[in-house]
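What follows is the residue order along each chain.
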Amino acid sequence: MYDTKELEALASFYKNQLLNDTVPFWFPRSYDTEFGGYLLMRDADGSLIDTDKAVWIQGRACWLLATLYNTVAPNPEWLEGARLGYEFLRNKCFDASGKMYFHVDRQGTPIRMRRYFFSETFAVIAFAAYAKASGDQEAARLAREIFGVCMEYANGSRTMTSKFENTRPSKGIGIPMIMINTAQQLRETIGDERCDSAIRHWIAEIEHNFVKDDLRCVMEQVASDGSIIDHIDGRTLNPGHAIEGAWFILHEARYRGNDSHLIDLGCRMLDYMWDRGWDQEHGGILYFRDVFGKPVQEYWQDMKFWWPQNEAIIATLLAYLMTGDQKYAERHKMIHDYAYTHFHDPEHGEWFGYLHRDGQLAQTAKGNLFKGPFHLPRQEWYCLQILNEFLTNNI
């Protein structure tokens, strides 16, 4: 169990890593002052390897900068950086129908659009955080408007066409998860009366359809009626993703005055997927597992990606602070020590993204279409916030 001095040391560690290691790797070098947005595809030393821009990573970076301004310090560089992202997203990343692109070039010329609406959800949290930081009412209006669009996509009243629809209908945990967190961020920055009921709805969706207590797991996808699809895709678990969902629910429990039902639900999800995902031989969270222990299709199934480790660090610390259960302190120390030993780059800062199962580096890139300044700085920022709040209330 952590004592007060150890928790204070953890808070100091996360603050130092965030402000003196992680954020300085990305900024100011990634501000694209010529075309707007951010140049985030970078190698180990920070050198640029591609000038294209992943739209959801642009939104995440804008959210980070505005959030740091709102909660850590009113640094004018962060506010100006958030403005660069907000204006690029607003002006370059929507098509004529209002759908957002997934991938654009440096100038904002569209390259690719995908059927899912995750770019929109990250625009919501970015615009809302920027609106709070800047007082820009148009950004606030757009955040709420796009949130409404996301709700329509999520409930099926607005659809994206496809040349070939899936003949084996399923639903994934990704939509309720991202909608919970989007609504939480919108509520905590500029507010929206739809958020509370939306969050209750999506938590119920996860609890009733994806959490399988009899199998002690959280499914990544299920059939329309919530049953398991006994095919490779349907059986595939993503422990880090479910653990991320667990801490979203624990966060909601805090908002509701430590709601005991939500604490139990979030901790069950964490327990089930820690047992499924923790690599007993090498440490760290594995990427994919099969619910019945059968072979997994994806070749990277036993690799260690950066972001599941970030989500497990948050979830275990939050579970410990909320319950006082020593097993969560032990797990937090396990994942914290593993991740900062294996992923962190002490020479150039930030984390490498991809390791083989044994912890050997798979490749050196720290920024690409999927990795950027989000999961790691969010983890360090969020852990700092909850530690400071806990220490303030318990000293």
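For the structure itself, consult the block above.
Residues numbered from 1 in each chain as written. Predicted model: local features only at pLDDT ≥ 70, side-chain atom pairs only at ≥ 80, totals over all residues. Heavy atoms only, no water.

A. View of the packing of helix H6 (residues 174-189) against helix H9 (residues 239-255). Where H6 contacts H9, the axes come no closer than 10 Å and their chain directions differ by 35 degrees. Classified by chirality, the crossing of H9 by H6 is left-handed. On H9, the residues touching Gly174, Met177, Ile180, Asn181, Gln184, Arg187 and Glu188 of H6 are His241, Glu244, Gly245, Phe248, His251, Glu252 and Tyr255. Grouping the constituent residues of the contact of H6 with H9 by class yields four nonpolar, six polar and four charged. (Axes fitted to C-alpha atoms, helices over the stretch in contact; angles between N-to-C directions. Helix = DSSP H or I, 4+ residues; strand = E, 2+ residues; numbered from the N terminus. Left-handed = near helix turned anticlockwise from the far one by under 90°. Contact = heavy atoms within 4.5 Å. Nonpolar A, V, L, I, M, F, W, Y, C, P; charged D, E, K, R; others polar.)

B. Structural detail: the sheet that holds strand S13 (residues 354-355). Pairing in this open sheet of three strands is antiparallel, and the strands run S12-S13-S14 from one edge to the other. The open sheet has two edge strands, strand S12 (304-305) and strand S14 (361-363), and neither has a second partner. Inspection of the sheet shows S13 paired to S14 by two bridges, in the antiparallel sense. The residue bridging Leu355 from the neighbouring strand is Leu361, located in S14. (Pairing = 2+ DSSP bridges.)

C. Expanded view of the sheet that holds strand S5 (residues 110-112). Pairing is antiparallel in the open sheet, where three strands are placed in the order S3-S4-S5. Every interior strand has two partners, whereas the edge strands, strand S3 (53-54) and S5, have only one. Across two bridges, S3 lies against strand S4 (residues 103-104) in antiparallel orientation. Pairing of Lys53 across the sheet is with Val104, part of S4.

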